[in-house]
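# An overview of the molecular structure
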Amino acid sequence: MRIASIAAIAALSLSAVAVTSCVTTEKVDQVNGKIQSGLADVCPKVAAADMAFSFLTIVFKVPQSVIEAEEKAFAAAQKFCADPSSVTLQSAPQKVLEALNAINTARAKAGGSN
């Protein structure tokens, strides 16, 4: 779940920086590009981490609550990773906050496991 959390926080951080510097359409476009390229870089790592976790659940005995929490965290990250090009300065904060809430809820249900 750490990878999913990092992806969400990275996207939110990029959009927060953008809010402080956006004055012109050109700057907004630049920020949108940075958010989208950042997600395009991070999201494959989220998918790889999910695949690695799935493999570990086959090899090791992992509590069902942890497996379910990881699945929910990955699903939450997929809300903005499914199409990074659709995430913009305007939509990133809401999408990321929703993902972080889902990740935190899943983490709490798993008993704080990562």
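Structure shown above.
Residues numbered from 1 in each chain as written. Predicted model: local features only at pLDDT ≥ 70, side-chain atom pairs only at ≥ 80, totals over all residues. Heavy atoms only, no water.

### Let's talk about the overall build of the chain
Across its full length, the chain carries four helices and zero strands. Here the chain holds 114 residues, and 32% of them are scored as buried. In the chain, 76% of the contacts between residues at least 6 apart in sequence involve partners at least 24 apart. Total accessible area on the chain is roughly 6500 Å²; 62% of this is exposed by carbon and sulfur atoms. (Helix = DSSP H or I, 4+ residues; strand = E, 2+ residues; numbered from the N terminus. Buried < 20%, exposed > 50% of the residue type's maximum accessible area, 1.4 Å probe, protein only. Contact = heavy atoms within 4.5 Å. Areas by Shrake-Rupley, 256 points an atom, 1.4 Å probe, with all protein chains shown as cover.)

### Details of the nonpolar core
Ranked by size, the top nonpolar core spans 16 residues in total, and within it Ile35, Leu39, Phe80 and Val87 carry the most contacts. Looking at this core, the elements with two or more residues in it are helix H2 (25-59), helix H3 (64-81) and helix H4 (92-109). Take this core: its biggest share by element is six residues, from H2. (Core = buried A, V, L, I, M, F, W, Y, C linked by side-chain atoms within 4.5 Å.)

### With respect to the side chain of Asp50
Positionally, Asp50 belongs in helix H2. Judged by relative accessible area, which is 17%, Asp50 ranks as buried. With residues up to four places along the chain from it excluded, the contact list for Asp50 reads Glu70 and Phe74.

### As for a nonpolar patch on the surface
On the surface, Phe55, Leu56, Ile58, Val59 and Phe60 cluster together to form a nonpolar patch covering roughly 540 Å² of accessible area. Mapped onto the secondary structure, Phe60 falls in the loop between H2 and H3. (Patch = residues over 30% accessible without salt bridge, like charges linked within 9 Å, V, L, I, M, F, W, Y side chains within 5 Å. Salt bridge = Lys/Arg side-chain N within 4 Å of Asp/Glu carboxyl O.)

### Considerations on the environment of Ala73
Mapping Ala73 onto the fold places it in helix H3. Residue classification places Ala73 among the buried positions, given a relative accessible area of 0%. The spacing of Ala73 and Asn104 is 31 residues in sequence and 8.1 Å in space, taken between C-alpha atoms.

### Here's the deal with the state of the cysteines
All told, the structure shown has one disulfide when counted by the stated rule. Through a disulfide, Cys43 is tied to Cys81; the S-S separation comes to 1.9 Å. As the torsion about the S-S bond is roughly -75 degrees, the Cys43-Cys81 disulfide counts as left-handed. With a gap of 38 residues between them, Cys43 in helix H2 and Cys81 in helix H3 connect regions that are remote in the sequence. (Disulfide = S-S within 2.5 Å.)

### Looking at the side chain of Asn32
Summarising the element assignment, Asn32 is placed in helix H2. On the basis of relative accessible area, Asn32 is assigned to the buried category, the value being 11%. Of note is the side chain of Asn32, whose polar atom sits 2.7 Å from the backbone nitrogen of Leu89. (Polar contact = N/O pair within 3.5 Å; in protein donor to acceptor, adjacent residues only side chain to side chain.)

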